[in-house]
Amino acid sequence: MSGAAEPTLYERALGAYLGLAVGDALGATVEFLTPTEIRQQYGELRDIIGGGWLKLRPGQVTDDTQMSLAMGAALLESGAWDLPNIARHWLAWLKSKPIDVGNTCRRGLVRFGRDGSLEAPFSDGDAGNGALMRNLPAILFAFRDAELLARCSIEQAHVTHHHPFSDAATLCISRMIALLLQGGHWRDNLRALRGLAKELVETHRQFRFEPYPKRATGYVIDTAQTVLHAFFRTDSFESCVVTTVNLGGDADTTGAIVGMLAGAYYGAAEIPARWLKKLDASVRREIEHQALALVALGA
Ligand code: MG
Ligand code: MG
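Bear in mind the structure is a predicted one, so any value in this text is a computation, not a measurement.

## Topic: the overall build of the chain
- The helix and strand tally for the chain stands at 15 helices and 0 strands.
- Radius of gyration (C-alpha) of the chain: 17 Å, near the 19 Å computed for a compact globule of 299 residues.
- Expressed as a percentage of the 299 residues in the chain, the buried residues total 58%.
- Look at the contacts in the chain between residues 6 or more apart in sequence, and 73% of them connect residues 24 or more apart.
- For the chain, the exposed area adds up to about 11900 Å²; of that, 53% sits on carbon and sulfur atoms.

Dropping the structure here:
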């Protein structure tokens with residue numbers, strides 16, 4: 001990072017969106033495995049090869065990327081923040097029989113389909129990472145306005161996930177990515193990102209990620225700890241995402257989230273070409289379109 005020119009806004013936006021998809025596609029291979037199982041089966045997983053419990057084609061993405069693309073499509077269709085349209089796009093996605101859906105997402109969308117309500121009631125069981133993993137289109141749209149960013153992030157989250165830990169992690173990671181989209185020098189950015197992570201930990205001690213507790217599950221605390229640990233301990237896009245997914249657990253989702261963050265930090269040019277080549281071509285095209293259009297929509 002230190003020697004290269006800082007990425008432009010579009011390189012950061014595209015880096016975040018492509019980073020999400022390649023993190024998802026890479027991590028899905030080892031979702032639900034332990035680090036030991038990964039070592040035994042793959043050594044270190046560094047290439048997008050598909051497989052995993054979902055038996056994916058190499059480069060195929062899962063719900064993390066698909067729910068993001070559905071939100072992005074809804075935003076671009078409406079030309080404004082339009083939560084009912086986002087929920088409608090998610091419900092249509094659910095009805096398309098996707099390869100994978102989280103339980104809390106499914107429950108929330110079924111509720112929306114039944115009664116049209118846009119907010120799940122508070123539930124202790126809603127502290128999964130499903131709201132955090134899909135928020136990037138809202139960030140690309142709203143990153144210039146802190147208040148709008150917070151409102152959009154929480155509103156989209158509460159359609160399915162209504163829990164203070166989910167809210168806190170979603171806001172923290174969203175603010176980190178928003179900060180990067182505003183540009184700035186890498187050294188100042190790193191300091192500011194550290195500050196945002198510290199704020200999260202000070203508000204909810206449960207998020208403390210140093211020392212790393214070595215749990216990478218879909219519980220949003222474990223997910224956020226894994227993402228923050230890997231991001232601050234690595235110095236390239238590739239090492240960041242490889243480190244993350246090799247911790248196993250909810251590896252497609254930790255990979256997707258760290259991929260957005262690292263993509264916004266390092267820029268699209270730092271994403272390994274061999275990963276982009278493997279990524280499903282229609283997903284890649286749609287991401288390239290949405291990343292530019294969402295940034296323009298919010299301007
Ligand atoms: Mg997934
Ligand atoms: Mg997952």
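## With respect to the coordination of the magnesium ion (ligand 1)
- For the magnesium ion (ligand 1), the full set of protein donor atoms is Thr 62 (OG1), Asp 63 (OD), Asp 64 (OD) and Asp 252 (OD), and the range of their distances to it is 1.9 to 2.3 Å.
- One chain supplies every donor to the magnesium ion (ligand 1), and in sequence these donors are spaced T-D-D-x187-D.
- For Thr 62, a relative accessible area of 0% translates into the label buried.

## Overview of the coordination of the magnesium ion (ligand 2)
- Summarising the metal site, the magnesium ion (ligand 2) is bound by the protein donors Glu 31 (OE), Asp 250 (OD), Asp 252 (OD), Asp 252 (OD) and Thr 253 (OG1), whose distances to it range over 2.1 to 2.8 Å.
- Separating the magnesium ion (ligand 2) from the magnesium ion (ligand 1) is a distance of 3.4 Å, and Asp 252 supplies a donor atom to each of them. Note that Glu 31 is positioned in the loop between α1 (9–27) and α2 (35–42) and Thr 253 in helix α13 (residues 251–266), a separation of 222 residues in sequence. Each member of the pair, Glu 31 as well as Thr 253, is classed as buried.

Definitions and cut-offs
- Residues numbered from 1 in each chain as written.
- Chains lettered and ligands numbered in written order.
- Predicted model: local features only at pLDDT ≥ 70, side-chain atom pairs only at ≥ 80, totals over all residues.
- Heavy atoms only, no water.
- Helix = DSSP H or I, 4+ residues; strand = E, 2+ residues; numbered from the N terminus.
- Rg over C-alpha atoms; globule rule 2.2 N^0.38 Å.
- Buried < 20%, exposed > 50% of the residue type's maximum accessible area, 1.4 Å probe, protein only.
- Contact = heavy atoms within 4.5 Å.
- Areas by Shrake-Rupley, 256 points an atom, 1.4 Å probe, with all protein chains shown as cover.
- Donors = N, O, S within 2.8 Å, 3.2 Å for Na, K, Ca; no water.

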